[in-house]
Every structure is written in C-alpha cells, then in structure tokens.
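Spelled out, the chains give:
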Amino acid sequence: MTKILAFSGSARKQSFNQAVVEMAAEGAREAGADVTVVNLADYAMPMYHQDEETEFGIPEKAQAFKELLIAADGFLIASPEYNSSYPALLKNAIDWASRKTNDEAVLAAYRGKVAGIMAASSGGLGGMRVLVVLRMLLENLGTLVIPNQKAIAKVNTLLDSSGRVVDEKTVQQLKALGAETVELARKINAD
Ligand SMILES: Cc1cc2nc3c(=O)[nH]c(=O)nc-3n(C[C@H](O)[C@H](O)[C@H](O)COP(=O)(O)O)c2cc1C
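Residues numbered from 1 in each chain as written. Predicted model: local features only at pLDDT ≥ 70, side-chain atom pairs only at ≥ 80, totals over all residues. Heavy atoms only, no water.

The chain carries the name NAD(P)H-dependent oxidoreductase in an unreviewed UniProt entry, which gives Alteromonas pelagimontana as its organism. The record held by UniProt for the chain lists under Cofactor (unreviewed entry) the comment "FMN". (UniProt positions renumbered as here; feature names shortened; annotations may be inferred.)

Structural data, given as structure tokens:
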C-alpha cells in the first residue's frame, strides 16, 4: 500500500496549514493510501548547527521525523508563507532530515519520493510565493513534486468553528491534490 506522510510547516495551535494538509490527507486516504499525519509541534528540534551535530549526532526527534520521511512513498506538505518563503521551522526539519546516519543512503528521506504541496494564508495570495521555493527545495533534494499545487487565499473564511476546512470547493481541490499525489507515488513505485 502506498504510504503518505502529511505535515505542515506550522506548529501553531489552530494552524491553517495543518487544517489544510489534513484535508488533503483525507483525499489521499480516500484514494487508498496508508496516510500518517504528523504535527511538527511534536517533533521539536534545535536549530541545525553542524558543530553540534558533529559532537552530539542527530537529535532524537529529528531522527524520528527523518525515519517517517524514509518510510513514506510520498508527502503532503502545507507551508505557511513567511516573507515570501518557507518558515525556518520547516526548513530546519527538512535540513535535519537530509543528514545521513549509519547505513542510510544519501538523502534517503527524499530521493525517489513524490510530494503534493500547498499553502494557506488569510491574505489574498494564499501564500503562492512559498510554493515556488518549496517546489525548488524538494526537487533539489530528489523529490518529485506533482504539477498541481494549491494556494488557499482567505483561508480563515473557509473553516468551521472547530478549525476544519469546510468550503466545498476547497475541500474538493485539496482532496484531489491528495489523490493525485497518491496516484503518482503508485506509478513511480510500480514494478
Ligand atoms: C514572520 C511572518 C511572515 C509572514 N509573511 C507572510 C507572507 O509573506 N505572506 C503571507 O501570505 N502571509 C505571511 N504571514 C502571515 C501567515 O500567512 C499567517 O501567520 C498564517 O496564519 C501562518 O500559517 P499557519 O496558520 O499555518 O500558522 C507571515 C507571518 C509571519 C509570522
């Protein structure tokens, strides 16, 4: 079964991006994938510092996050846009997971994987600028990012009081993104 890991680049309680990625994850599940949704709030890791890595190795939470990536065939990632780019939280997690330990292959967390990417903002552009740089980052690490992507503007108007995405058009678009990510991951892993 195709394995998908879904997470956002926000550890904020009530994060819009976490809500959005959870809806894309539902689409992936409906498409038949084995989907794990995680929150980076549960994988707190220090800011990457090479001297500290040399002295102490990879922190436990960073290694655990990397192992989730390694185990997945594909990712669903929703990122906030911070000053036109990805938040340090997301880049830091991606950086730690790029570090090799033991007998892992180089960039084992990323190479040969597929990703569906999305962004959400209460602003009018929906964080569309972060998608450009996030796509480039993932592709450079060896992850194939599917052509479809979604920037959700005025996301705060599309949720119910529990913080779940309920706007029907947005729900359908996010589920479709989740399903397309599964479909490509399946094709890539086909014999
Ligand atoms: C440092 C910082 C920079 C931001 N820059 C942008 C930006 O460039 N574009 C944008 O649409 N929103 C920007 N925002 C607003 C975020 O979109 C907003 O905080 C959003 O809710 C973050 O996503 P989350 O709800 O998933 O945490 C910025 C917020 C912060 C804290």
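Still more ground to cover, so stick around.
Engineer: Looking at this model, I keep getting lost on the UniProt feature "domain: NADPH-dependent FMN reductase-like" (unreviewed entry) in the chain. Mind explaining?
Structural biologist: Sequence positions flagged by UniProt for "domain: NADPH-dependent FMN reductase-like" (unreviewed entry) are, in local numbering, residues 2-154. Annotated as residues 2-154, this span is 37% helix and 18% strand, and its ends, taken at the C-alpha atoms, are 32 Å apart. (Helix = DSSP H or I, 4+ residues; strand = E, 2+ residues; numbered from the N terminus.)

Engineer: Looking at this structure, how should I read the layout of surface pockets?
Structural biologist: A water-sized probe rolled over the atoms picks out the places where empty space is left. The calculated volume of the largest pocket comes to roughly 240 Å³. Along the wall of the largest pocket there are 15 residues; nearest its centre are Ser 15, Gln 18, Ala 19, Glu 22 and Gly 163. For the lining of the largest pocket, a count of residues per class yields five nonpolar, five polar and five charged. Ser 10, Arg 12, Ser 15, Phe 16, Asn 17, Pro 80, Glu 81, Tyr 82, Ala 120, Ser 121 and Ser 122 together form the lining of the second largest pocket. (1 Å grid on protein atoms, 1.4 Å probe; cavity = no way out; pocket = protein on both sides within 12 Å on 5 of 7 lines; lining within 4 Å. Points joined across faces, edges and corners; volume = space filled by probe spheres on them. Nonpolar A, V, L, I, M, F, W, Y, C, P; charged D, E, K, R; others polar.)

Engineer: For this particular structure, what's the right way to read the site of the ligand?
Structural biologist: Around the ligand, the surrounding shell consists of Ser 10, Arg 12, Ser 15, Phe 16, Asn 17, Pro 80, Glu 81, Tyr 82, Asn 83, Ser 84, Ser 121 and Arg 129. Within the contact set of the ligand, an oxygen atom lies 2.6 Å away from a side-chain nitrogen or oxygen of Ser 15. Within the backbone of Phe 16, an N or O atom sits 2.9 Å from an oxygen atom of the ligand. Look at the ligand: alone it shows 630 Å² of surface, and the protein chains cover 68% of it. Tallied by class, the residues present in the shell around the ligand amount to three nonpolar, six polar and three charged. (Near = heavy atom within 4 Å. Polar contact = N/O pair within 3.5 Å; in protein donor to acceptor, adjacent residues only side chain to side chain. Areas by Shrake-Rupley, 256 points an atom, 1.4 Å probe, with all protein chains shown as cover.)

Engineer: Got a minute to help me understand unusual backbone geometry in this structure?
Structural biologist: Glycine aside, the phi torsion of most residues is negative, and most peptide linkages are trans. The backbone of Ser 84 sits at a positive phi, close to 75°, despite the residue not being glycine. Its location among the elements puts Ser 84 in the loop between strand E3 (74-79) and helix H4 (88-97). Note on Ser 84: relative accessible area 30%, which makes it partly exposed. (Buried < 20%, exposed > 50% of the residue type's maximum accessible area, 1.4 Å probe, protein only.)

Engineer: What exactly am I supposed to notice about the side chain of Ser 8 here?
Structural biologist: Inspection of the secondary structure assignment puts Ser 8 in strand E1 (residues 3-8). For Ser 8, a relative accessible area of 0% translates into the label buried. When residues no more than four places from it in sequence are discounted, the contact partners of Ser 8 are Ser 15, Asn 17, Gln 18, Val 21, Val 38, Leu 40 and Ala 78. (Contact = heavy atoms within 4.5 Å.)

Engineer: Explanation requested: H4 in the structure shown.
Structural biologist: Given 3.6 residues per turn, any residue in an α-helix points the same way as the ones three and four places further on. Among the residues making up H4, those that are buried are Leu 90, Asn 92, Ala 93, Ile 94, Trp 96 and Ala 97. Residues of H4 that are buried make contact with E1, helix H2 (50-56), helix H3 (60-71), E3 and helix H5 (128-140).

Engineer: What is the right way to read the nonpolar core from this model?
Structural biologist: Side chains that are nonpolar tend, in soluble globular proteins, to be buried together. Counting residues in each nonpolar core, the largest one holds 31 residues, and the members touching the most others are Phe 7, Phe 65, Leu 69, Phe 75, Tyr 110 and Leu 134. Those elements that provide at least two residues to this core are E1, H3, E3, H4, strand E4 (114-120) and H5. In contact with Phe 7, not counting residues within four places along its chain, are Gln 18, Val 21, Val 38, Phe 65, Leu 69, Leu 76, Ile 77, Ala 78 and Leu 90. Counting residues in hydrophobic clusters, the runner-up holds 27 residues, among them Val 20, Leu 158, Leu 174 and Leu 177. (Core = buried A, V, L, I, M, F, W, Y, C linked by side-chain atoms within 4.5 Å.)

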